[in-house]
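Remarks on the overall topology
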Amino acid sequence: ESTFVVFSDEVIDDSLWACTWIKLADNSYKIHIYTKDESIVYEASMLSSFGTFREIDRQRHYIGRVPVTLYKNNRDMLGDYESVRILIETYNEAMTDVKFDIHRAVTGLLVFYNTQLAGKKAEEKAEIREALKTLGVLELAGDPDTPQLPVDVKTLDSNLNIANADVFIDRLWKTIFKLSNVPDPMQSEYFTAVSGVALKMQQFLGLDQAAKDTAAEFDFALKRR
């Protein structure tokens, strides 16, 4: 919506220059003009009047052509993952939740039930906690006043189930590629086969139709021109 390329009308079409702009926080604009040799930057209070343009920078880029490539992904002008954006956001949230759960499990408070291990003084409790971290060994002695009560130690937070979280995240990941019709780069098998040919089919077969669609768009553009 904020970038366009100007082409020549010769038989071999070539890009003459390109323009792109961004709107700043103060409602002014920064405009970039790209030619075959230079990159020119302007500031302007409005786009409809060149009289407000003020040049603020000009540099050579040495690329040898206009450094903007015009590419239309499809007739709907949509990205491959726009239709599954909600799934991608859910995947990110799930990964963040698992990270926080692991952090809580590591730093969570230990609650000792029906045992004298915790001690009475703060110094004793601190020493015991450090010993548990260092040794990794836990022996519990029951309270002699209430021997009938079971002895137990649990974290204050809910128990972390990494396996269930992994299954949920894996399903989200696979659904993103399935609904967007894009090959999954992390998939190492093609149906039930695992081989070099299977990997080639997995990685390139799904992109083959996309390449044909792109070629058709180019053919249409050339015929129209």
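Residues numbered from 1 in each chain as written. Predicted model: local features only at pLDDT ≥ 70, side-chain atom pairs only at ≥ 80, totals over all residues. Heavy atoms only, no water.

1. Thoughts on the overall build of the protein
The condition is simple: Put simply, DSSP marks the helices as runs of H or I at least four residues long and the strands as runs of E at least two long, and each gets a number from the N terminus on. A 1.4 Å probe rolled over the protein chains alone gives each residue an accessible area, and that area as a share of the maximum for its type sets the label: buried under 20%, exposed over 50%, partly exposed in between. By the convention used here, residues are in contact when the closest approach between their heavy atoms is within 4.5 Å.
If you tally the helices and strands in the protein, you get 4 helices and 7 strands. Helices (α) and strands (β) of the protein occur, in sequence order from the N terminus, as β-β-β-β-β-α-β-α-β-α-α. By residue count, 18% of the 225 residues in the protein fall in the buried class. Restricting the contact set of the protein to residue pairs at least 6 apart, pairs at least 24 apart contribute 39%.

2. Quick look at the sheet that holds strand E3 (residues 29-34)
We count it as follows: Any two strands are treated as partners once DSSP identifies two or more bridges connecting them. Every axis corresponds to a line fitted to the C-alpha atoms, with the helix fit spanning only the stretch in contact, and the corresponding angles, defined between N-to-C directions, vary from 0 to 180 degrees.
The strand order across the open sheet formed by 5 strands is E1-E2-E3-E4-E5, and the pairing between neighbours is antiparallel. One side of each edge strand has no neighbouring strand; the edge strands of this open sheet are strand E1 (3-7) and strand E5 (54-60). Averaged over neighbouring strand pairs, the angle between their axes works out to 15° when direction is ignored. For E1 and strand E2 (residues 15-23), the ladder comprises 5 bridges, and the chain directions are antiparallel. What sits directly across from Val5, in E2, is Ala18.

3. Notes on a nonpolar patch on the surface
Test applied: Patch members must show over 30% relative accessible area and no salt bridge, and they are joined within 9 Å when carrying like charges or within 5 Å when they are nonpolar side chains of Val, Leu, Ile, Met, Phe, Trp or Tyr. Where accessible areas are quoted, they stem from the Shrake-Rupley method and a 1.4 Å probe; at the residue level, only the protein chains shown are allowed to cover. We define a salt bridge as a side-chain nitrogen of Lys or Arg found within 4 Å of a carboxyl oxygen belonging to Asp or Glu.
Residues Phe4, Leu16 and Trp17 make up a contiguous nonpolar surface patch of about 260 Å² in total accessible area. Examined against the element boundaries, Phe4 turns out to sit in strand E1. Classification of Phe4 as partly exposed rests on a relative accessible area of 35%.

4. Considerations on unusual backbone geometry
Not every positive phi belongs to a glycine, and Asn27 is a case in point at roughly 70°. Along the chain, Asn27 falls in the loop between E2 and E3. Even without being glycine, Tyr62 reaches a positive phi, approximately 60°. Relative to the helices and strands, Tyr62 is located in the loop between E5 and helix H1 (85-107). With relative accessibility at 69%, the residue Tyr62 sits in the exposed group.

5. Concerning the packing of aromatic side chains
Quick note on the threshold: Each Phe, Tyr or Trp ring, with Trp reduced to its six-membered ring, pairs with another whose centre is within 6.5 Å; inter-plane angles below 30 degrees give stacked pairs, above 60 give edge-to-face pairs, and intermediate values give tilted ones.
Applying the stated criterion across every chain, the model contains 8 aromatic pairs. When the centroid spacing of 5.7 Å and the interplanar angle of 75° are considered together, the rings of Phe4 and Trp17 count as edge-to-face. Of this pair, Phe4 sits in strand E1 while Trp17 sits in strand E2; the two residues are 13 residues apart in sequence, bridging distant segments of the chain. One aromatic cluster in this structure is built from Tyr81, Tyr91, Trp173 and Phe177.

6. Points about the layout of surface pockets
The condition is simple: The definitions used throughout rest on a 1 Å grid laid over the protein atoms alone, on which a cavity is an enclosed set of points accommodating a 1.4 Å probe that cannot get out and a pocket is an open set flanked by protein within 12 Å on both sides along at least five of seven lines; lining residues are those having an atom within 4 Å of a point. Grid points are joined across faces, edges and corners, and a volume is the space filled by probe spheres set on the points. Three residue categories are used. Nonpolar comprises Ala, Val, Leu, Ile, Met, Phe, Trp, Tyr, Cys and Pro, charged comprises Asp, Glu, Lys and Arg, and polar comprises the others, including Gly.
By volume, the second largest pocket amounts to about 440 Å³. In terms of lining, the second largest pocket is formed by 19 residues, of which the most central are Asn73, Asn74, Asp80, Ser180 and Ala210. Where the lining of the second largest pocket is concerned, the elements lending two or more residues are helix H3 (162-180) and helix H4 (196-224). By residue number, the principal contributor to the lining of the second largest pocket is H4, which donates 6 residues. Of the residues assigned to the lining of the second largest pocket, the class counts are 7 nonpolar, 9 polar and 3 charged.

7. Concerning the pattern of salt bridges
Counting across every chain of the model gives 6 salt bridges. Between Glu55 and Arg58 there is a salt bridge whose closest N-O contact spans 2.9 Å. Exposure remark for Arg58: the relative accessible area of 40% places this residue in the partly exposed category. Ionic pairing is found between Lys174 and Asp170, a salt bridge with its closest N-O pair at 3.4 Å. A residue pair is termed a helical-turn pair when its members lie 3 or 4 positions apart in one helix, as Lys174 and Asp170 do in helix H3 at 4 residues. When its relative accessible area of 48% is taken as the criterion, Lys174 is described as partly exposed. By sharing partners, the salt bridges in this structure join Glu38, Glu55 and Arg58 into a single network.

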